[in-house]
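Chain by chain, the residues run as shown.
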Amino acid sequence: MLEIEELSKAFRGKKAVDRISFTARNGRVTGFLGPNGAGKSTTMKAILGLIRPDSGRALIDGRPYDRLSSPMRAVGAVLDARSAHKGMSAYAHLRALALTNGIPKSRVDEVIAITGIDSVKKRNAGSYSLGMSQRLSIAAALLGDPYNLILDEPINGLDPEGVKWVRELCRYYAAQGRAVLLSSHLMSEVALTADDLVIIGQGRILQQVSVADFVRQHSGNGIRIVSPDPERVRNVLLDAVPGMRVEMTERKESDPPRGYALHVTGAPLETVAQTLAHSQTVVYQFVQERGSLEDAYMELTHASAEYRSTLPGTRPAAAQSQTAKQSSDGGFVNGQFDEQQGRGR
Amino acid sequence: MAAPRRGRHARPATDAADEWRPMKETQAQAEQEERAREEQARQSFQPQSFQPQSFQSVAPPPEPPSPVQNPSPAPASDTSAAPRTPAVLNTQNTRPRRPRARRPKPSSVPNGRLNLWGCIRSEFVKLFALASTYWLMGITLVLLPAGAAMSAWTVHWTATIDPQTGKTLNTPNPVDVADLWISVGGFVSTVAIVTGIFGVLAITAEYSTKSIQATLTANPKRLTMVMAKIITVSMIVFIVSFVGMLISWAVVAIMSNDWSVTQLSGREWRLPWVTLFGGAASLTLMALLAFGVGAICRSTPGAVFAYIAILTILPNILSIVSIVAKEFGWVGTIASVMPGGSIDRFLQMNVSSALTSSVSYDYFVPNWWQSLLVLVGWTALSVVLGSLVVERVDVK
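On a predicted model such as this, the values are computed, not experimentally measured, just so you know.

Draft legend 1. Highlighting the packing of aromatic side chains. If you walk through the whole model with that rule in mind, you get 9 aromatic pairs over all chains. Taking 5.0 Å as the distance between ring centres and 40° as the angle between the ring planes, the aromatic pair formed by A:Phe22 and A:Phe32 counts as tilted. On the criterion of sequence distance, the pair formed by A:Phe22 in strand S2 (residues 14-24) and A:Phe32 in strand S3 (residues 29-33) is long-range, its members being 10 residues apart. With respect to class, A:Phe22 is no different from A:Phe32; both count as buried. Between B:Phe124 and B:Phe128, the ring centres sit 6.1 Å apart and the planes meet at 15°, which makes this aromatic pair stacked. Placement of the pair is B:Phe124 and B:Phe128 together in helix H3 (residues 116-128), with a separation of 4 residues, close to one helical turn. One aromatic cluster in this structure is built from B:Phe238, B:Phe242, B:Trp273 and B:Phe277. Its guanidinium or amino end placed over the ring of A:Tyr147, A:Arg73 lies 5.0 Å from that ring's centre, counting from NZ or CZ. A cation over a ring is seen here: A:Lys122 above A:Tyr91, with NZ or CZ 4.2 Å from the ring centre.

This is the structure:
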């Protein structure tokens, strides 16, 4: 179990991590999500004693990291992919790490077989691709068969098979009753792997919730309609059920090539379908969709993204989401869809 | 097996969507069912891709408790997800209980502990896995005898020359054995650069390749790590340089076989021991001094430059200042307690001979054992400062 209590750290006056507290419980995969620069790596390094926090502490199974009698047995950590000496072979690197904690040579061979770097174990680590280096880091983390796993963006550079393998590994470890802390900036991957979510932005915890609750909170009852005549659809639906909300949205890749996209909320699927059918309105696409987790996460962390980038030749977007929320109409007239920015609402 | 699509797209075959039902029941119940199926799919998934036996012996997680009621008409439409786990659907708005988190079973890894001897062995593995170790130690083994041979030849040549006239003598003067011993250790202060680079690399290579993260994650006790590195570096450098001194001794002995050599006088009996062991010891002390400098700088080029500056550049500057300006004579004292000159002063044991100058100085110059203390003092200071820096500084 990993307990982080009121951890704070400032680098050169700027607070990287500001009094965060959370617990990664046993038997669950805790997803640690946040945009770049939010403080995820700083937190993990503070847990492992690499960074000394200004205040607060981090406990692993009830003790701080440097008081553990066998650190590799308590925690396995994947921090940086390229963290082996480039002149050493994988085997030497793993053997050196294993020797510090009294782990036998057979375990090194086992771990090499698990992570699949058997064929390159005698080559210098400088010649590895990113995927192989990532697997080497994971191998070093698994050496002690640890009670807790701390993974800092472990899927960077892995091919889909590797991504799936890491996901299975996390779930396997959690099923055995160990605690896994997994950090990422990809909501979709974390939603598949994790049980608990800790969302961090600009050094502060934005939300701490279980994945199931997050999914439930952000699953809307929306219906997506692509139609050639949005005005007609709108009028027909509003006549039938006055409380409905019909908004224009931006088109997606998967939409039919013609038509305008609408998002309808406030009425059940069957009502809308029957209303449109009775009024003989033509629609090209009619789909019930749940809220996108990615959108929910973006909305949550948009205000606390550290690095905002724009496409060359465009103006930077200033507080677009606030203006979008204020308009009640749904944006038919103003056309909130800004083609260049690529996002509506 | 056909893997079920997990995540939010894992929808069962539509069973209830054909009929129109009031909104509240359908939505809530459909959501419950979907979530329950997702959870089953995630719980019961057996990771198949692990090869070694240690993982296979772990029992799968226990099945969730059997449901209270089962009102849904289509439990059998669960496709390939969970042959063992029963369908868990109930009318209350509670999701099926997850298996209680169990303590991890005893693993295949026997309980090892973090220990100093393990750390020392680990440092040996690391150093001997790198090519730079072999290069630097090889250069040491080559340079020491080469330098000794050149110095011995110079001694011999000096003995064949009349000091006043500069002409070759018919019968060469006998070669002072003290000079020969000094020539055995002649190149030690130069090879100190090589062993110093070895000491620097032992610590800065970790910082520059970010492998310090892996090292400190495996061993959070930083002083233990520093101690292990110090012990390892000293052992390797001492053994290699001692072997180098022995080879130099052999080379000089072979060269001076047919020269006429004086005997060791009574006061100089310590000279062989000081040369052999002291030469190896001073090279080890220099390696540790460079290690401390490397720990302070934590960057390979910076530390190597700082070390070479301490050894050669700084004493040069100080000597020039003390020579040029007579009133800065005290600067000469500072120059004479620099480590570079101290090595030679230690090894030469104040034996005045053809090789060592017998100029008298205005300022204090340490004699041989004082020079050794100077060396030890510098090394201790550098190592202590370096350990403090490594202990305190964050690894970003």
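Additional details are given in the paragraphs that follow.
Draft legend 2. Main features of a positive patch on the surface. The grouping of A:Arg63, A:Arg67, B:Arg113 and B:Lys221 at the surface amounts to a positive patch. Judged by its relative accessible area of 40%, A:Arg63 is partly exposed.

Draft legend 3. Structural detail: the domain arrangement of chain A. Domains assigned within chain A are domain 1 (2-216) and domain 2 (221-290 + 309-344). Computed over C-alpha atoms only, the centres of domain 1 of chain A and domain 2 of chain A are separated by 41 Å.

Draft legend 4. Examining the packing of helix H4 (residues 131-159) of chain B against helix H8 (residues 222-255) of chain B more closely. All names here are of chain B. Remark: H4 packs on H8, axes separated minimally by 8 Å, with the N-to-C direction vectors making an angle of 30°. Relative to H8, the element H4 lies roughly parallel. For the element pair H4 and H8, the recorded crossing hand is right-handed. From H4, Met-137, Thr-140, Leu-141, Leu-144, Pro-145, Ala-148, Ala-149, Ala-152 and Trp-153 reach across to H8, where they touch Ile-236, Val-237, Val-240, Ser-241, Val-243, Gly-244, Met-245, Ile-247, Ser-248, Val-251, Val-252 and Met-255. Of the residues in the contact of H4 with H8, the class split is 17 nonpolar, 4 polar and no charged.

Draft legend 5. Broad picture of H3(B). Taking 1.5 Å of rise per residue, the 13 residues of H3(B) would be expected to cover 18 Å, and the 18 Å separating its terminal C-alpha atoms lies within 8% of that figure. Those residues of H3(B) that are buried lie in contact with helix H3 (90-100) of chain A together with H4, helix H6 (188-208), helix H7 (211-218) and H8 of chain B.

Draft legend 6. Representation of unusual backbone geometry within the structure. All names here are of chain A. Positive phi values are uncommon outside glycine, yet Asp-61 reaches one of about 50°. For Gln-280, which is not glycine, the phi torsion reads 55° and is therefore positive. Turning to its location among the elements, Gln-280 is positioned in the loop between helix H10 (269-278) and strand S13 (285-289).

Draft legend 7. Highlighting the environment of A:Asp213. Residue and element names in this part refer to chain A. Within the secondary structure, Asp-213 sits in helix H8 (residues 211-217). Owing to a relative accessible area of 27%, Asp-213 belongs among the partly exposed residues under this scheme. Here the alpha-carbon distance between Asp-213 and Leu-293, two residues 80 residues apart in the chain, equals 12 Å.

Draft legend 8. Representation of the pattern of salt bridges in the model. Overall, the coordinates contain 22 salt bridges over all chains when judged by the stated rule. For A:Glu247, the salt bridge is made with A:Arg245, and the minimal N-O distance between the two is 2.2 Å. Between B:Lys229 and B:Glu123 there is a salt bridge; the shortest N-O distance is 3.0 Å. In this pair, B:Lys229 is assigned in helix H8 and B:Glu123 in helix H3, connecting sequence segments 106 residues apart. Each of the salt bridges in this network shares a partner with another, and the network as a whole consists of A:Arg107, A:Glu110, A:Asp145 and A:Arg178.

Draft legend 9. Structural view of the sheet that holds strand S9 (residues 204-210) of chain A. All names here are of chain A. Taken together, 6 strands build an open sheet; the order of strands is S5-S6-S7-S3-S8-S9 and the sheet is mixed. Strands with a single pairing partner mark the edges of an open sheet, and in this sheet they are strand S5 (75-78) and S9. The mean inter-strand angle of the sheet, taken between neighbouring strand axes irrespective of direction, is 15°. In this sheet, strand S7 (residues 179-184) lies alongside strand S6 (residues 148-152) in parallel orientation, the contact comprising 5 bridges. Bridge pairing in S7 links Leu-151 to Leu-182. Sheet strands in contact with helix H5 (residues 130-142) are S5 and S6, and its direction is about 170° off that of S5. On top of the sheet, helix H6 (residues 160-175) reaches S3, S6 and S7; it is set at about 150° to S7, its chief contact.

Draft legend 10. View of the environment of B:Pro315. Residue and element names in this part refer to chain B. Inspection of the secondary structure assignment puts Pro-315 in helix H10 (residues 300-324). Distance from Pro-315 to Ala-335, taken between C-alpha atoms, is 5.2 Å for residues 20 residues apart in sequence. The residues contacting Pro-315, other than those within four sequence positions of it, are Ala-309, Ile-310, Ala-335 and Met-338.

Draft legend 11. A look at the UniProt feature "transmembrane region" (unreviewed entry) in chain B. Residues and elements named next belong to chain B. UniProt records the feature "transmembrane region" (unreviewed entry) for residues 127-148, 180-205, 226-251, 271-297, 304-325 and 368-390 in the present numbering. As annotated, residues 226-251 comprises 100% helix and 0% strand, and the C-alpha atoms at either end are separated by 37 Å. Its end C-alpha atoms 37 Å apart, residues 271-297 is made of 100% helix and 0% strand.

Here is what the cut-offs are and how they apply
- Residues numbered from 1 in each chain as written.
- Chains lettered and ligands numbered in written order.
- Predicted model: local features only at pLDDT ≥ 70, side-chain atom pairs only at ≥ 80, totals over all residues.
- Heavy atoms only, no water.
- Phe/Tyr/Trp six-rings, centres within 6.5 Å; stacked < 30°, edge-to-face > 60°.
- Helix = DSSP H or I, 4+ residues; strand = E, 2+ residues; numbered from the N terminus.
- Buried < 20%, exposed > 50% of the residue type's maximum accessible area, 1.4 Å probe, protein only.
- Lys NZ or Arg CZ within 6 Å of the ring centre and 35° of its normal.
- Patch = residues over 30% accessible without salt bridge, like charges linked within 9 Å, V, L, I, M, F, W, Y side chains within 5 Å.
- Areas by Shrake-Rupley, 256 points an atom, 1.4 Å probe, with all protein chains shown as cover.
- Salt bridge = Lys/Arg side-chain N within 4 Å of Asp/Glu carboxyl O.
- Lys, Arg positive; Asp, Glu negative; His and termini not counted.
- Charge placed at Lys NZ, Arg CZ, Asp CG, Glu CD.
- Domains from an automatic or database assignment.
- Axes fitted to C-alpha atoms, helices over the stretch in contact; angles between N-to-C directions.
- Parallel < 35°, antiparallel > 145°, perpendicular 65-115°, else oblique.
- Left-handed = near helix turned anticlockwise from the far one by under 90°.
- Contact = heavy atoms within 4.5 Å.
- Nonpolar A, V, L, I, M, F, W, Y, C, P; charged D, E, K, R; others polar.
- Expected span 1.5 Å × (residues − 1).
- Pairing = 2+ DSSP bridges.
- UniProt positions renumbered as here; feature names shortened; annotations may be inferred.

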